[in-house]
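Chains, contacts and geometry: an overview
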Amino acid sequence: MKKAIEKQEKASCPKAEKAASAVVPATVATDDGSVSFGAGSPLGLMAGPCVIESRAHCLGLAKKLSALSLQLGIPFVFKASFDKANRSSIQSYRGPGLRKGLSVLEEVRERFGCPIVTDIHEPHQAEAVAKVADIVQIPAFLCRQTDLLLAAGETGAIINVKKMQSMAAEDMAQVIGKIESTGNRRILLTERGESFGYHNLVVDFRNLMILRSLGYPVIFDATHSVQRPGALGTGTGGDSCWVPALARAAVATGACDGLFFETHENPAQALSDGANSIPFDQVEPLWKQVTALAEISRRVPESREELIFRKGAKPLL
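Residues numbered from 1 in each chain as written. Predicted model: local features only at pLDDT ≥ 70, side-chain atom pairs only at ≥ 80, totals over all residues. Heavy atoms only, no water.

It is worth spelling out the overall build of the protein at this point. Helix and strand content of the protein: nine helices and 17 strands. Split into buried and exposed, the 317 residues of the protein put 52% on the buried side. When contacts within the protein are restricted to residue pairs at least 6 apart in sequence, long-range pairs at least 24 apart make up 70% of them. Counting only carbon and sulfur atoms, one obtains 53% of the accessible surface of the protein, whose full area is about 14,200 Å². (Helix = DSSP H or I, 4+ residues; strand = E, 2+ residues; numbered from the N terminus. Buried < 20%, exposed > 50% of the residue type's maximum accessible area, 1.4 Å probe, protein only. Contact = heavy atoms within 4.5 Å. Areas by Shrake-Rupley, 256 points an atom, 1.4 Å probe, with all protein chains shown as cover.)

So, about the side chain of Asn160. Its location among the elements puts Asn160 in strand β8 (residues 158-162). Using a relative accessible area of 0% as the deciding quantity, one classes Asn160 as buried. Asn160 has contacts with Met46, Ile135, Val136, Gln137, Ile138, Leu188, Leu189, Thr190 and Ile219, leaving out every residue within four places of it along the chain.

With that out of the way, let us pick up the pattern of salt bridges. All told, the structure shown has 16 salt bridges when counted by the stated rule. The shortest N-O distance in the salt bridge between Asp119 and Lys84 comes to 3.8 Å. Placement of the pair is Asp119 in strand β6 (residues 116-119) and Lys84 in the loop between β5 (76-79) and α3 (98-112), with a sequence separation of 35 residues. On the basis of relative accessibility, which here comes to 4%, the residue Asp119 falls in the buried class. Given the relative accessible area of 9%, Lys84 is considered buried. Between Lys162 and Asp221 there is a salt bridge, with the nearest N and O atoms lying 2.6 Å from each other. Here Lys162 is found in strand β8, whereas its partner Asp221 is found in strand β12 (residues 218-221), with 59 residues between them in sequence. (Salt bridge = Lys/Arg side-chain N within 4 Å of Asp/Glu carboxyl O.)

Two aromatic rings are characterised by how far apart their centres lie and by the angle between their planes. In this structure the tally under the stated criterion is one aromatic pair. A ring pair is formed by Phe205 and Phe220, whose centres lie 6.0 Å apart and whose planes are at 50 degrees; its orientation type is tilted. Taken as a pair, Phe205 in the loop between β11 (201-202) and α7 (206-212) and Phe220 in strand β12 lie far apart in primary sequence, 15 residues in all. Of the residues examined, Phe220 reaches a relative accessible area of 0% and is grouped as buried. It is Lys64 that lies over the ring of Phe280; its NZ or CZ is 6.0 Å from the centre. (Phe/Tyr/Trp six-rings, centres within 6.5 Å; stacked < 30°, edge-to-face > 60°. Lys NZ or Arg CZ within 6 Å of the ring centre and 35° of its normal.)

This part is about helix α5 (residues 146-154). When we look at burial in α5, the residues that qualify are Leu148, Leu149, Ala151, Ala152 and Gly153. Structurally, α5 contributes buried residues whose contacts are with α4 (126-130), β7 (135-138), β8 and α6 (172-180). Directly beyond the C-terminal end of α5, a positive phi value near 80 degrees is found at Gly156.

In the Ramachandran plot, His199 falls in the positive-phi region, its phi being about 60 degrees despite a non-glycine side chain. Relative to the elements of secondary structure, His199 occurs in the loop between β10 (194-195) and β11. Of note in the backbone geometry, Asp273 takes a positive phi value of approximately 55 degrees without being a glycine. Structurally, Asp273 can be placed in the loop between β15 (258-264) and β16 (278-279). Look at Asp273 and you get buried, because its relative accessible area is 12%.

Of the two faces of β7, the one carrying Ile135 and Gln137 and the one carrying Val136 and Ile138 are both buried. Relative to β8, β7 runs parallel, the two sharing four bridges. Of the residues in β8, the one forming a bridge with Val136 is Ile159. Each parallel crossover has a hand, and the one from β7 via α5 to β8 is right-handed. (Pairing = 2+ DSSP bridges. Right-handed = clockwise from strand over helix to strand, strands pointing away.)

What follows is about the pairing of β5. A two-sided burial pattern is seen for β5, the buried positions comprising Phe76 and Phe78 on one face and Val77 and Lys79 on the other. Where strand β4 (residues 44-48) meets β5, three bridges bridge the pair, whose relative direction is parallel. Looking at β5, one finds that Met46 is bridged to Val77. Of the crossover connections in this fold, the one passing from β4 over helix α2 (residues 55-72) to the parallel β5 is right-handed. Following the chain from β5 across α3 to the adjacent parallel β6, one finds a crossover that is right-handed.

As for its placement among the helices and strands, Glu53 is situated in the loop between β4 and α2. Here His264 takes part through its side chain, which lies 3.2 Å from a polar atom of the side chain of Glu53. A polar atom in the side chain of Glu53 sits 2.9 Å from the backbone nitrogen of Leu271. If we ignore the near neighbours within four places in the chain, the residues touching Glu53 are Tyr93, His264, Ala270 and Leu271. (Polar contact = N/O pair within 3.5 Å; in protein donor to acceptor, adjacent residues only side chain to side chain.)

In this section: the nonpolar core. Counting 72 residues, the largest nonpolar core has Phe78, Ile138, Val161, Phe220, Leu259 and Phe261 as its most contacted members. Sequence-distant contacts of Phe220, that is, excluding residues within four places in its chain, are made with Glu191, Val203, Phe205, Leu208, Ser225, Leu246, Ala247, Ala250, Cys256, Gly258, Leu259 and Phe260. Ala26, Val28, Ile158 and Leu188 belong to the second-largest nonpolar core, a separate cluster that totals twelve residues. (Core = buried A, V, L, I, M, F, W, Y, C linked by side-chain atoms within 4.5 Å.)

This is how it looks when you write it as structure tokens:
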């Protein structure tokens, strides 16, 4: 089977050559051990609400997700934003802000023992966020901002960079170089869909394999990939019904080390990104599906050959 796949790759990707690519793992320590992405680790999950709506809601959802992760043995990282600085309208809810938000996230970590990932939008936020969060996230719109990347890298935390919606996957090599220049090689790369005209995104699953050839673990953001940016006029729409299918497809590529879900008990009442969030009660059945697929698609050892681009080669068409 493996030889047949390699033969097919060579035939269908004439502009690429094969070479060994060692993926640098990203690991965060927890009270009960550690959570790792890549390097032969199980499929991991980043999940939580889009934004901290209140202390009570954040703690309640974190409790449910943490319990589910223990029940199913999921390597789990809790996600929530303290400030959604890129909301469509000035009237939109942004979050509690840096100080109050980090206080809530710190309480989540202490109560439930799960690692935390949250995003930053300005360089001055990096140091404070890294004292609480295990993973500092760079939003897709900001992934080329040099000062932001340098500030994040200098914290020494794991940096999860989301690929911009209009950016070629191979161009993320320059983003990686900026972070690596700080001496930090604790990097995750996240695919979250491609712009496809106005108010729409699609997913090019080749990007997962291209990103992984850059040498770092790859996360697929299944919920933001179904966004319809700005489609509601004063807000962003979405088609959450497509999340399960896209998540399954991403894991089936074999190049996905973790999934990213935004979830809510009642997405229709969520204060941000409800249209593309999945209901909490769908997380368990979906996770059982994707882990079954991962058992097959990720069975090949970590030292497997990866597609990489020859120097000067054009992108795959």
